[in-house]
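# Summary of the model geometry
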Amino acid sequence: MSAQNTELKLKQMLKQEKIQLWNPPFSDESSAAGPQHMEELAARYAPLLRLPVTEVGGALELIRQQAVKRGKERQRFRETSVATLELLLPQNNRKETKTKSYLETRLDVRVQELVDRIGEDYGLKYIKLILNGRTLCVDQPLDQQGVKNHSKVMVLKVTDAEWKLQLSEEEEKEKNQKESLQRTQKGFQILSERDGSEDSSPFLEIADQRGNPLTIPPQEKKALILAMGFHEKGRSLMKKKQFDLALCHLLQADQQFSRCGSALLSSVDNFAVLQLDVVWCYRALEALSCLEDGRSRLQRAEDCFLRCYGERRQRLLMIKGNTGREEVLFLRLHLLQSLLSYIEGNDAQARQQLSKVEALYARLCLDSEKMAQLMSLGFTEKEARLGLRACEGDLQEAAIHIGNQTQEREELKQRERKRRSRRMEAISSLTELGYSRRDAARALQHAGGDVDRAYGILLDSSGSAQATGSHSEGSVEKLLYLGFQRDVSEAALRLTGGDVQSATQLLLDQQGVLSPELLSESPSSEEPSTSSSTSTDVSTEDSELVNEALEDIARHEEDYLDLNLEEESELIATMKSYLSPAHRV
């Protein structure tokens, strides 16, 4: 990191003086160095950087060699269309930590060809390629995905299971067949389609910071649940120090967040926290040479925090009554900003940011005796840490605060139980009139919980189904013409009472694939009489997927704020050593 800092400072000096090391007198016609002029340059710059002349000379020579190399590569790219890419390999696969890895390739080849070459050259079996925070699709050419000459491409290792899922997803996408999603996505997709109508089925609900359910359009709600699900999985992997796998999930969460409306993203801090987590993974993977993507993500995080919390945290103070717990997010934000500034060679800005970090760190470090006293009262370590930070270290206030929060959570659970009980009673009333439980639940959801309106919707749906029955084949043909498959088209028409427009929208929302849960919503009278083994298998598979997804969801709503600051402390110490005058001697 120190060498990168020195290199960027020297590049800034060279740029200011308009010195081109690849041209005479610093390089001759054979691209060899002009020793006298290089030594004079090193002797002039060394006092300015407070570094030994030999160290500055070595850094200048490295910059000169890179410039000559890039010049030759640019010329070769113009003449042969062969590009040079810099590979950011996993730490265990780097042959030499200080030597960069490069790969030459045409940009019109598919990413899969690049994956195969990297796997063979570096002994990597299953990998993903990341460019500026986006996963490259293996079935598309490099140039169509923004890869250019001298692009920096991150190489991430993935597990055997994830690789197979990725391959099946690409193959089925290529053939326009049913999509194959990763287990995490499948589990959260099932959860996103549940509305709480089944007593025994887990479901997710989007709520505000006070725990009140939010009314969100179905498509945005599904994208938000998938985004938050991938984010939770990524955070779980970060806790296990599996940063490469964590980054894969976090980037998928980022893609799902992009499908949410800007108004929704500006009202929640989840998106900002995700950006911090992505850059924190870059740091852990020593991939901070992705400066442009890292810097833009930190800026998005800062902007989002500003919108959500207010310029002086006034909105956060109004909602939660304090701002102490969220300070850990700003500590991590300013620490990463300091790190990036240092890598860019901007020591002054790095020191300024680090000063903010140290002030926050001093406030957020907790008295171990106070922690022990709160835990002796029966509170968990998480509750004690969050309570003390919320109350700025006041022991008595923290105990009262934790007790109040526990009571509020219990009251919220009771309200939710009562709300669900009323809903179940309403569904039972509709099923007594002869409608299926799923149809009753769907109608009640559309009616906003009004039983009379739900009954009207069910009546209209039944009439519509009868009226359109004679035209069912024509309706199916219309959906087939739009590119949907016959089985899902027929199922969508059954689910929407024969309404082609509604069926089309349903299929578009589901990306042309209906989950087993939705397919099971079709009227039982239209289903063939088969053995129950198939439905049982589907139900078991769904349960496994859902349980797997739920395992990684934090049980405490403020888990993302519960940082023990151990990793942050180590990075602060590292930054202080890099920025201290003694480091330059």
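My aim in this report is to walk through the structure given alongside it, one point at a time. (Residues numbered from 1 in each chain as written. Predicted model: local features only at pLDDT ≥ 70, side-chain atom pairs only at ≥ 80, totals over all residues. Heavy atoms only, no water.)

Secondary structure summary: the protein contains 25 helices and five strands in total. Classification of the 585 residues of the protein by burial places 46% in the buried group. Pairs at least 24 apart in sequence give 65% of the contacts found in the protein among residues at least 6 apart. Summing over all exposed atoms, the protein offers an accessible surface of approximately 30500 Å²; the carbon and sulfur share of this is 49%. (Helix = DSSP H or I, 4+ residues; strand = E, 2+ residues; numbered from the N terminus. Buried < 20%, exposed > 50% of the residue type's maximum accessible area, 1.4 Å probe, protein only. Contact = heavy atoms within 4.5 Å. Areas by Shrake-Rupley, 256 points an atom, 1.4 Å probe, with all protein chains shown as cover.)

With that settled, consider helix α2 (residues 35-49). In this model, α2 (15 residues) spans 21 Å end to end at C-alpha, consistent with the 21 Å of a helix rising 1.5 Å per residue. Those residues of α2 that sit buried are M38, L41, A42, Y45, A46 and L49. For α2, the elements touching its buried residues are α1 (2-16) and α3 (53-80). Where α2 ends, the next residue or the one after it, R50, has phi of about 55°, a positive value. (Expected span 1.5 Å × (residues − 1).)

There is a patch of nonpolar side chains on the surface, built from L433, Y455 and L459 and spanning about 270 Å² of accessible area. With respect to the helices and strands, the residue L459 is situated in helix α19 (residues 451-467). A relative accessible area of 40% places L459 in the partly exposed class. (Patch = residues over 30% accessible without salt bridge, like charges linked within 9 Å, V, L, I, M, F, W, Y side chains within 5 Å. Salt bridge = Lys/Arg side-chain N within 4 Å of Asp/Glu carboxyl O.)

A separate point is helix α8 (residues 243-257). When the terminal C-alpha atoms of α8 are compared, their 20 Å separation across 15 residues agrees well with the 21 Å that a helix rising 1.5 Å per residue should span. The buried count for α8 comes to 13 of 15 residues, which makes it a mostly enclosed element.

Grouped together as the largest cluster of nonpolar side chains are 69 residues, with contacts concentrated most on M154, L247, L276, F305, L329, L335 and M575. Listing elements by their share of this core, those giving two or more residues are β5 (152-157), α7 (218-239), α8, α10 (270-284), α11 (291-309), α13 (327-343), α14 (347-364) and α25 (566-579). Apart from the residues within four sequence positions on either side, F305 is in contact with D269, A272, V273, L276, G310, L329, F330 and L333. Grouped together as the second largest cluster of nonpolar side chains are 22 residues, L87, V115, Y122 and V153 included. (Core = buried A, V, L, I, M, F, W, Y, C linked by side-chain atoms within 4.5 Å.)

By the criterion of burial, strand β1 (residues 82-88) is predominantly enclosed, with six of the seven residues buried. The sheet contact formed by β1 and strand β2 (residues 101-106) spans six bridges and is antiparallel. Within β2, the residue paired with T84 across the bridge is E104. As defined by bridge partners, β1 adjoins β5 across three bridges and the pair is classed as parallel. Opposite L87, over in β5, you have V153 as the bridge partner. (Pairing = 2+ DSSP bridges.)

Geometrically, the link from P24 to P25 is a cis peptide bond, its omega value of 10° lying close to zero. For P25, the position within the fold is in the loop between α1 and α2. Non-glycine residue S81 carries a positive phi angle of around 65°. Mapped onto the fold, S81 is located in the loop between α3 and β1. By relative accessible area, which is 34% here, S81 ends up partly exposed. At H150, a residue that is not glycine, the phi angle is positive and equals roughly 75°. Relative to the helices and strands, H150 is located in the loop between β4 (134-135) and β5.

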